[in-house]
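Geometric and topological summary
Listed here are the chains, written in short residue letters.
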Amino acid sequence: MSTSPAVPAVPGSTALDQAIAARLKRTPDGLLPAVAQQYDTGEVLMLGWMDDEALHRTLTTGRCTYWSRSRAEYWVKGDTSGHFQHVKQVALDCDGDTLLVKVDQVGAACHTGDRTCFDADVLPLAE
């Protein structure tokens, strides 16, 4: 059983624009996968999860805010690590079920300290 992100918005924040919210196709937990990509090189950095409030915060602050499924709380990339993601663009895919967040990544994107979450374990392809 998973915990739904039912954390109240920060004081003074407003809800996600209803025109945007109406286009989102969320998981049963109310989440959307958010792929973070380096804006100038196209390098895929990481995958995080956002609910409506995390997306609202990301769009309005210019810093990526994610929902931690394991800790059941919001987290802003870089607040503890110093490895910030400055948002350059946010796009919704054609199905409305995935976000692409183009960022300027400062430092490592992966919690392991690697530049990306996708360069340490490349799987072999059949020949």
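Residues numbered from 1 in each chain as written. Predicted model: local features only at pLDDT ≥ 70, side-chain atom pairs only at ≥ 80, totals over all residues. Heavy atoms only, no water.

Some thoughts on the pattern of salt bridges
Inspection of the entire model under this criterion finds five salt bridges. Arg63 is paired through a salt bridge with Asp79; the nearest N and O atoms lie 2.8 Å apart. Taken together, the residues Arg63 in the loop between α2 (52-61) and β3 (65-68) and Asp79 in the loop between β4 (73-76) and β5 (85-92) connect sequence positions 16 residues apart. Here Glu73 ties to Arg71 by a salt bridge, and the two come within 3.1 Å at their closest N and O atoms. (Salt bridge = Lys/Arg side-chain N within 4 Å of Asp/Glu carboxyl O. Helix = DSSP H or I, 4+ residues; strand = E, 2+ residues; numbered from the N terminus.)

Structural notes on the pairing of β4
Alignment of β3 against β4, held across four bridges, turns out to be antiparallel. Within the sheet, the bridge partner assigned to Thr65 lies in β4 and is Val76. What sits between the antiparallel neighbours β3 and β4 is a turn of four residues, in which Ala72 has the positive phi angle 55 degrees. (Pairing = 2+ DSSP bridges.)

Notes on unusual backbone geometry
Positive phi values are uncommon outside glycine, yet Ala72 reaches one of about 55 degrees. Structurally, the position occupied by Ala72 is in the loop between β3 and β4.

Regarding the environment of Val90
Among the secondary structure elements, Val90 is positioned in strand β5. Judged by its relative accessible area of 26%, Val90 falls in the partly exposed class. Excluding residues within four positions of it along the chain, Val90 makes contact with Leu55, Thr58, Leu59, Leu99, Leu100 and Val101. (Buried < 20%, exposed > 50% of the residue type's maximum accessible area, 1.4 Å probe, protein only. Contact = heavy atoms within 4.5 Å.)

Some points on the side chain of Gln37
For Gln37, the location among the structural elements is in strand β1 (residues 32-38). Overall, the relative accessible area of 16% leaves Gln37 in the buried class. In this structure the side chain of Gln37 is engaged in a polar contact, spanning 3.0 Å, whose partner is the backbone oxygen of Gly42. Once residues lying within four places of it in the same chain are set aside, the contact partners of Gln37 are Gly42, Glu43, Val44, Leu45, Leu100, Val101, Lys102 and Val103. (Polar contact = N/O pair within 3.5 Å; in protein donor to acceptor, adjacent residues only side chain to side chain.)

Brief notes about the layout of surface pockets
In this structure, the largest pocket spans a volume of roughly 550 Å³. If you go around the largest pocket, you meet 21 residues; those closest to its centre are Met46, Arg71, Trp75, Lys77 and His111. Residue contributions to the lining of the largest pocket peak at four residues, all from strand β2 (residues 44-50). Among the residues making up the lining of the largest pocket, the classes are represented as nine nonpolar, eight polar and four charged. (1 Å grid on protein atoms, 1.4 Å probe; cavity = no way out; pocket = protein on both sides within 12 Å on 5 of 7 lines; lining within 4 Å. Points joined across faces, edges and corners; volume = space filled by probe spheres on them. Nonpolar A, V, L, I, M, F, W, Y, C, P; charged D, E, K, R; others polar.)

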